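As a plain string of letters, each chain reads:
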Amino acid sequence: MERRCRMIGTIAGDVIGSVYEFGNVKDMTLPLMTERSHFTDDTVLTIATADVILNGGGYAKAYHDYGIRYPNAGYGGNFGRWLFSENRKPYGSYGNGSAMRVSPVGFAFDTLEGTLAEAKKSARVTHDHPEGMKGAQATAAAIFLARTGGTKQEIKEYIEKTFRYDLSRTLKQIRPKYKFDVTCQGSVPESIIAFLESEDYISAVRNAVFLGGDADTLGAITGGIAQAFYKKMPKDIVDEVRKRLSPDITAVVDAFEERYHAARVSFIYSA
């Protein structure tokens, strides 16, 4: 069965990681989906990014409007204060929120230069620290390169050269001491490594979620890159994720796919 559904890779990573976020969980055998699995702020703000790309408007307003619509989605402290403040100025953040919401940029834009520019634009309305913008750009660039035929080695080399992230480490080296880290510099490289060491979408998300860190965000970042690269996801996972989405979120997902349908994603049943 084949359907168009590119943003689901990011959203599924978020949903899968949602129940493991604060547990420092490193057991790779645990189930990906549970009755408690749900979308979080990663999904809400990813949808806000897609909405701007689809319909125009400013990122700050979209992040505020969607955040207010879903006030209990699990936002970080600084973003939560920004959300409920009258001040819409950026607050110098280098948190990974800029990276977890950027995947629609990597899927929508036709050039790497345009992708980098739009990723920075989406980040700086809140995350105007150099590391915050860098994390968004690196994530979007990895997605762009993955969906346009880049090999893992080419993606690795580009990210290392352009953003100076150390991608030479292995998950075996990272996992034992890795802890909850909400910074871009402490989670975006790890998310990319989780993708680089994967064999398919599911193994990529498992690698990320069970590092024992900010599981939903690691899953979202890695999930977007993995979907762009492998272009296949288990249908049962996609179906379970879609059942957990609200109608307005589903509508944006479907509208985004209708607009940017050049690359299709095949769904495969899990073994």
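Bear in mind the structure is a predicted one, so any value in this text is a computation, not a measurement. (Residues numbered from 1 in each chain as written. Predicted model: local features only at pLDDT ≥ 70, side-chain atom pairs only at ≥ 80, totals over all residues. Heavy atoms only, no water.)

Caption draft 1: Region of the structure containing the overall build of the protein chain. In terms of helices and strands, the protein chain carries 15 helices and 3 strands. Here the C-alpha atoms of the protein chain give a radius of gyration of 16 Å, agreeing with the 18 Å that 2.2 N^0.38 yields for 271 residues. Based on the C-alpha atoms only, the size of the protein chain along its principal axes is roughly 50 × 40 × 35 Å. Here the protein chain, with 271 residues, has 61% of them falling under the buried criterion. Taking as baseline every contact in the protein chain between residues at least 6 positions apart, the subset at least 24 positions apart corresponds to 76%. Entry remark: accessible area of the protein chain is about 11100 Å², with carbon and sulfur atoms responsible for 52%. Put simply, the protein chain has 34 plus and 33 minus side-chain charges, and the middle of one group is 2 Å from the middle of the other. (Helix = DSSP H or I, 4+ residues; strand = E, 2+ residues; numbered from the N terminus. Rg over C-alpha atoms; globule rule 2.2 N^0.38 Å. Buried < 20%, exposed > 50% of the residue type's maximum accessible area, 1.4 Å probe, protein only. Contact = heavy atoms within 4.5 Å. Areas by Shrake-Rupley, 256 points an atom, 1.4 Å probe, with all protein chains shown as cover. Lys, Arg positive; Asp, Glu negative; His and termini not counted. Charge placed at Lys NZ, Arg CZ, Asp CG, Glu CD.)

Caption draft 2: Broad picture of the packing of aromatic side chains. What the rule picks out here adds up to 12 aromatic pairs. Ring geometry for Tyr-158 versus Phe-163: centroids 6.2 Å apart, planes at 80 degrees, classification edge-to-face. Each residue in the set Tyr-75, Phe-79 and Trp-82 is aromatic and connected to the rest through ring pairs, giving one cluster. Above the ring of Phe-195, the side-chain terminus of Lys-152 is found at 5.3 Å from the ring centroid. (Phe/Tyr/Trp six-rings, centres within 6.5 Å; stacked < 30°, edge-to-face > 60°. Lys NZ or Arg CZ within 6 Å of the ring centre and 35° of its normal.)

Caption draft 3: Fine view of a nonpolar patch on the surface. A contiguous nonpolar surface patch, about 320 Å² in accessible area, is contributed by Phe-22, Phe-180 and Val-182. Position of Phe-180 among the secondary structure elements: in the loop between helix H10 (171–174) and helix H11 (188–196). Take Phe-180: its relative accessible area is 39%, and that puts it in the partly exposed class. (Patch = residues over 30% accessible without salt bridge, like charges linked within 9 Å, V, L, I, M, F, W, Y side chains within 5 Å. Salt bridge = Lys/Arg side-chain N within 4 Å of Asp/Glu carboxyl O.)

Caption draft 4: Region of the structure containing the environment of Phe-107. Counting through the fold element by element, Phe-107 comes out in helix H6 (residues 103–108). Sequence separation between Phe-107 and Gly-135 is 28 residues, and the spatial gap between their C-alpha atoms is 16 Å. When residues no more than four places from it in sequence are discounted, the contact partners of Phe-107 are Arg-6, Ile-143, Arg-147, Gly-224, Ala-228 and Phe-256.

Caption draft 5: Fine view of the packing of helix H1 (residues 8–17) against helix H2 (residues 41–55). With their axes 8 Å apart at the nearest point, H1 and H2 run at an angle of 160 degrees to one another. The angle between H1 and H2 places the two elements in the roughly antiparallel class. Considering the relative orientation of H1 and H2, their crossing is left-handed. Residues Thr-10, Ile-11 and Asp-14 of H1 form the contact with H2, whose participating residues are Asp-42, Thr-43, Thr-46 and Ile-47. (Axes fitted to C-alpha atoms, helices over the stretch in contact; angles between N-to-C directions. Parallel < 35°, antiparallel > 145°, perpendicular 65-115°, else oblique. Left-handed = near helix turned anticlockwise from the far one by under 90°.)

Caption draft 6: Helix H7 (residues 112–124), seen in detail. Spanning 13 residues, H7 covers 18 Å between terminal C-alpha atoms, matching the ideal 18 Å at 1.5 Å per step. Three or more residues of H7 are buried, namely Leu-112, Thr-115, Leu-116, Glu-118, Ala-119, Ser-122 and Ala-123. Of the surrounding elements, those touching the buried residues of H7 are helix H3 (59–69), helix H5 (97–100), H6, helix H8 (130–147) and helix H9 (152–163). (Expected span 1.5 Å × (residues − 1).)

Caption draft 7: Spatial organisation of the pattern of salt bridges. Inspection of every chain in the model, using the stated rule, returns 10 salt bridges. Between Arg-169 and Asp-166 there is a salt bridge, with its nearest N and O atoms 3.9 Å apart. Exposure remark for Arg-169: the relative accessible area of 25% places this residue in the partly exposed category. Looking at Asp-166, the relative accessible area reads 40%, which means it is partly exposed. Two residues, Arg-242 and Asp-254, come together in a salt bridge whose shortest N-O distance is 3.2 Å. Remark: Asp-254 occurs in helix H15 (residues 247–259) and Arg-242 occurs in helix H14 (residues 235–243); sequence separation between them is 12 residues. By relative accessible area, Arg-242 is classed as buried at 17%. Members of the salt-bridge network, linked through shared partners, are Asp-166, Arg-169 and Glu-190.

Caption draft 8: Highlighting the side chain of Asn-96. Note on placement: Asn-96 falls in the loop between helix H4 (77–83) and H5. A distance of 3.2 Å separates polar atoms of two side chains, one belonging to Asn-96 and the other to Asp-214. Those residues in contact with Asn-96 that sit more than four places away from it in its chain are Asp-181, Val-182, Thr-183, Cys-184, Ser-187, Asp-214 and Thr-217. (Polar contact = N/O pair within 3.5 Å; in protein donor to acceptor, adjacent residues only side chain to side chain.)

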